[in-house]
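# Structural description and commentary
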Amino acid sequence: MAGFDAVFVGSGINSLAGAALLAKSGWRVCVLERADRLGGAIRTVDGLIAPGFTHEVFSSWHPLWTGSPAYAELKPDLDRLGVEYLNTELPTATAFPDGSSAFLSTSLEANTSELGEAWARQFDDFMGKADVAFGVLGTELWSTAGLALGRRAYRQFGRQGLVEFGGRVLGSARDWLTETFADERAHGLLAPWVLHTGLGPDQASSGFMNQVIACALQLGGMPVPKGGGIRLVEGLAAIVRDAGGELRTEAEVEQILVSGGRATAVRLDDGECLRARRAVLANVTPTQLYGRLLREGEVPERVNEAARRFRYGRGEMQIHVAMSELPRWRGGDERLAQVPVVHVTPGLDGVSRAVNEADRGLLPVEATIVCGQPVAVDPSRAPEGSWILWLQLQELPPRPRGDAAGELNTTAGIWTEELREAYADRILARLGDHVENLATATIGRAVLSPADLEAANPNWVGGDIYGGSCALDQNLLWRPTPATPGHETAVDGLFHIGASTHPGPGLGAGSGYLVAKRLTRPPLPRRVLSRLPGRRT
Ligand SMILES: Cc1cc2nc3c(=O)[nH]c(=O)nc-3n(C[C@H](O)[C@H](O)[C@H](O)COP(=O)(O)OP(=O)(O)OC[C@H]3O[C@@H](n4cnc5c(N)ncnc54)[C@H](O)[C@@H]3O)c2cc1C
């Protein structure tokens, strides 16, 4: 039986970053991926629609990765391997139905002049608490590090300040936006970003997430890897291989083998077993981990029960368009064609309504169109003078029960090919009101429905691209479940990572990083000694 120090189930960003970190610490690691390529939600395809066009089939924007501690640590290797990031000073905008638009840039002055003094006040206020706010998203909360973060927050804010901060973490985006900005354009500019955290603007904790993202966009812009996410995947895989590790595709894990309460190996669907001397890291949903990969009786029944109750969020649709020309945005503001992520929405109430319709099983009348323009940052993605649209619809029911517009036939109750294409037609017709040459310049399109996404990756149940609802009762301290918060499991040596676990979805590789650090942490006596005065760590 082949043997490794650590075996990763799945090759998403959390696995690749975690494997690279462990490999650099001298661990012999193996990454097993069921699909025919590495990367999970990072999939770059040349010629998906036409030759010369490079599409990000799933995820596209890397601010969470470039702002992550994993990237900080691996950057020298990735630089050496030629992984280059491109960025912009104009990360996002919203195009409103009347043809007007609002922009967010990486300049405090520009944002204050666009959104008023309220922007500068909220930015200052957030930055005063930023280390704790970002700390909540970058710390193993159920651990001594989590306690230390709590103590630091107490020292910094005092009792009253901590109560107020806690209250602000719980609030909705609607409350935060309407209290902070009198200008509805500011609401329309920022509210759609809540969707990218898996929430809606009326949900608890969406106000906190909205502030984190708003400030992070000004601080970090919208970086993308030159040539596509595949460059990052190749770079991380090279770090693993250079250190003697292995990465295998078309290798589906069907069972994690447990002996004496400890994870000792994994079995692939072709029967091959691979020994894991020190750890198995499973980048899967709780549904798969407890319902498939572990056998009955290996964890307490309350854990299985909590996994069965794990909820998935809304479905998503991805539309890729190749265009023979640059887009001509209505309203004449040329900056719109320089912005990587434009949201097309009536505003805060528009996002709220579409989320509510999707939550009720309906196709929204006026979904928020996330209109990604990767060529605005990386011209190498398309032939000169042409363009790519990366469109995302995040307010869809996993199983449609009706159409809020009363137009499309949903009687099948599932995402058929016919419904997928008809819904994409509706979205592209609406976008055509904003991008005047969309119909005439379109070379071709490719559409993925929630059902197609689920088929592509078992972590996206019902087309939920965030690996499980991010509602507060299933997030932060309670992710993935209240019975199994954090990354340790009831099985020794088995760690749960990936979007279903804290700090949740996104390309920040937070869970892979936290577990890699936990596994390579020096033993307690060495840590204590290193803190003694005069000792160097
Ligand atoms: C369409 C889409 C767009 C997105 N856009 C962005 C974006 O622009 N920016 C951003 O920050 N985030 C984005 N996200 C979210 C982000 O990409 C994901 O949250 C993140 O990449 C998930 O990484 P992960 O490590 O959890 O694993 P995943 O990417 O989910 O990968 C897990 C892998 O495990 C494999 N696997 C599962 N079970 C097994 C098994 N039993 N055996 C072997 N292999 C198995 C799967 O095939 C998969 O490849 C997007 C997600 C999607 C789907």
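Our subject is the structure that appears above.
Residues numbered from 1 in each chain as written. Predicted model: local features only at pLDDT ≥ 70, side-chain atom pairs only at ≥ 80, totals over all residues. Heavy atoms only, no water.

### Digging into the overall build of the protein
What counts here: Secondary structure elements are defined from DSSP: runs of H or I of at least 4 residues count as helices, runs of E of at least 2 residues count as strands, and each element is numbered from the N terminus. Our radius of gyration looks at C-alpha atoms and nothing else; its globule reference is 2.2 Å times the residue count to the power 0.38. Contact definition: two residues touch when any of their heavy atoms are within 4.5 Å. Surface accessibility in these figures is a Shrake-Rupley result with a 1.4 Å probe; residues are shielded only by whichever protein chains are displayed. We count Lys and Arg on the positive side and Asp and Glu on the negative side, and we leave His and both chain ends out. By convention, charge coordinates are those of NZ in Lys, CZ in Arg, CG in Asp, or CD in Glu.
For the protein, the helix and strand inventory stands at 19 helices and 20 strands. For 537 residues, the compact-globule estimate of 2.2 N^0.38 gives 24 Å, and the protein sits close to it at 23 Å. Dimensions of the protein, computed from C-alpha atoms along their principal axes, come out at roughly 65 × 55 × 45 Å. The long-range share in the protein, meaning contacts at least 24 apart out of those at least 6 apart in sequence, stands at 72%. Of the roughly 21500 Å² that the protein leaves accessible, carbon and sulfur atoms contribute 51%. Side-chain charges of the protein comprise 53 positive and 62 negative groups, with the mean position of each set lying 10 Å from the other.

### Observations regarding unusual backbone geometry
Where the residue is not glycine, phi is negative for most of them; where a peptide bond is considered, it is trans in most cases. Definition in use: The rule is simple: take the accessible area with a 1.4 Å probe, protein chains only, and divide by the maximum for that residue type; under 20% is buried, over 50% is exposed, in between is partly exposed.
A cis amide bond links R479 to the next residue, P480, at an omega of 0°. By the element assignment, P480 lies in the loop between α17 (450-456) and β20 (494-497). A cis amide bond links H502 with the next residue in sequence, P503, at an omega value of 0°. You can see P503 is positioned in the loop between β20 and α18 (510-520). Its identity is not glycine, yet S205 carries a phi of approximately 75°, on the positive side. Topologically, S205 is positioned in the loop between α9 (184-190) and α10 (206-220). Of note in the backbone geometry, L476 takes a positive phi value of approximately 50° without being a glycine. Assignment of secondary structure puts L476 in the loop between α17 and β20. We classify L476 as buried; its relative accessible area is 10%.

### Overview of the pairing of strand β17 (residues 387-396)
Which entries qualify depends on this criterion: By definition, two strands form a pair when at least two bridges between them are found by DSSP.
Burial runs high along β17: 10 of the 10 residues are buried. Sheet topology places strand β13 (residues 315-323) next to β17; 8 bridges connect them, and they run antiparallel. Its bridge partner being in β17, V321 is matched across the sheet by L389. Two strands pair when backbone bridges link them, and strand β16 (residues 369-372) and β17 are joined in this way by 4 bridges, in the antiparallel orientation. In the strand pairing of β17, I369 is matched with L393.

### Some points on helix α14 (residues 348-359)
Using the following cut-off: To estimate how far a helix should reach, multiply one less than its number of residues by 1.5 Å.
Compared with an ideal rise of 1.5 Å per residue, which puts 12 residues at 16 Å, α14 spans 17 Å between its outermost C-alpha atoms and is within 8% of the ideal. Buried residues of α14: L348, G350, V351, S352, A354, V355, E357 and A358, and no others. Elements in contact with the buried residues of α14: α8 (173-180), α9, β15 (362-363) and β17. Note on α14: the residue one or two positions beyond its end, G361, has a positive phi of about 85°.

### Here we look at the environment of P523
Structurally, the position occupied by P523 is in the loop between α18 and α19 (524-531). With a relative accessible area of 47%, P523 lands in the partly exposed category. Spatially, the C-alpha atom of P523 lies 48 Å from that of C371, the residues being 152 residues apart in sequence.

### Thoughts on the nonpolar core
Definition in use: We call a set of buried residues a nonpolar core when its members are Ala, Val, Leu, Ile, Met, Phe, Trp, Tyr or Cys and they connect through side-chain atoms within 4.5 Å of each other.
Grouped together as the largest cluster of nonpolar side chains are 50 residues, with contacts concentrated most on L104, W119, F165, L177, F181, L190 and F208. When contributions to this core are tallied by element, the ones reaching two or more residues are β7 (101-104), α5 (117-128), α6 (130-138), α7 (144-170), α8, α9 and α10. When residues in this core are grouped by element, the largest group, 7 residues, is from α10. The next biggest cluster of nonpolar side chains, apart from the first, holds 40 residues, and it includes I319, W329, V344 and L363.

### Side note on the site of the ligand
Put simply, the rule reads: One heavy atom suffices: a residue is near a molecule or strand as soon as one of its heavy atoms comes within 4 Å of it. Pairs of N or O atoms are called polar contacts if they sit within 3.5 Å, as long as, within protein, a hydrogen donor faces a hydrogen acceptor (for residues adjacent in sequence, only side-chain-to-side-chain pairs). By the convention adopted, Pro, Cys, Tyr, Trp, Phe, Met, Ile, Leu, Val and Ala count as nonpolar, Lys, Arg, Asp and Glu as charged, and the other residues, Gly among them, as polar.
With respect to spatial proximity, 36 residues lie near the ligand, and among them E33, A41, Q288, A499 and G506 are the closest. Between the ligand and the protein, one listed contact pairs a nitrogen atom with a backbone N or O atom of R34 at 3.1 Å. Protein contacts shield 96% of the accessible area of the ligand, which totals 1000 Å² for the unbound molecule. Looking at the shell around the ligand residue by residue, the classes come out as 16 nonpolar, 15 polar and 5 charged.

### Overview of the pattern of salt bridges
Using the following cut-off: Each salt bridge in this description consists of a side-chain nitrogen of Lys or Arg and a carboxyl oxygen of Asp or Glu lying within 4 Å of one another.
As enumerated under the stated definition, the model contains 36 salt bridges in all. Between R445 and D425 there is a salt bridge, and its shortest N-O distance comes to 2.8 Å. Of this pair, R445 sits in strand β19 (residues 442-448) while D425 sits in helix α15 (residues 417-432), and the two are 20 residues apart along the sequence. Judged by its relative accessible area of 30%, R445 is partly exposed.

### Some remarks on the packing of aromatic side chains
Put simply, the rule reads: Ring pairs shown here join Phe, Tyr and Trp side chains whose ring centres sit within 6.5 Å, with only the six-membered ring taken for Trp; geometry is labelled stacked below 30 degrees between planes, edge-to-face above 60, and tilted in between. Put simply, a charge is over a ring when the Lys NZ or the Arg CZ is close to the ring centre, within 6 Å, and near the line of the ring normal, within 35 degrees.
In the structure shown here, the tally under the stated rule is 10 aromatic pairs. Each ring, one from Y71 and one from Y85, has its centre 5.6 Å from the other, and the planes form 70°; the classification is edge-to-face. With Y71 in helix α3 (residues 69-80) and Y85 in strand β5 (residues 85-86), this pair connects stretches of sequence that are 14 residues apart. The exposure class of Y85 is buried, given its relative accessible area of 18%. When the ring of F165 is compared with that of F208, the centres are 6.4 Å apart and the planes differ by 85°; the resulting orientation is edge-to-face. Within this pair, whereas F165 is found in helix α7, its partner F208 is found in helix α10, the two being separated by 43 residues in sequence. According to the relative accessible area criterion, F165 is buried, its value standing at 10%. One aromatic cluster in this structure is built from W65, Y71 and Y85. Here the guanidinium or amino end of R278 rests over the ring plane of W27, the centre of that ring lying 3.9 Å away. Of note, R335 hangs over the ring of F103, and the distance from its end group to the ring centre comes to 3.8 Å.

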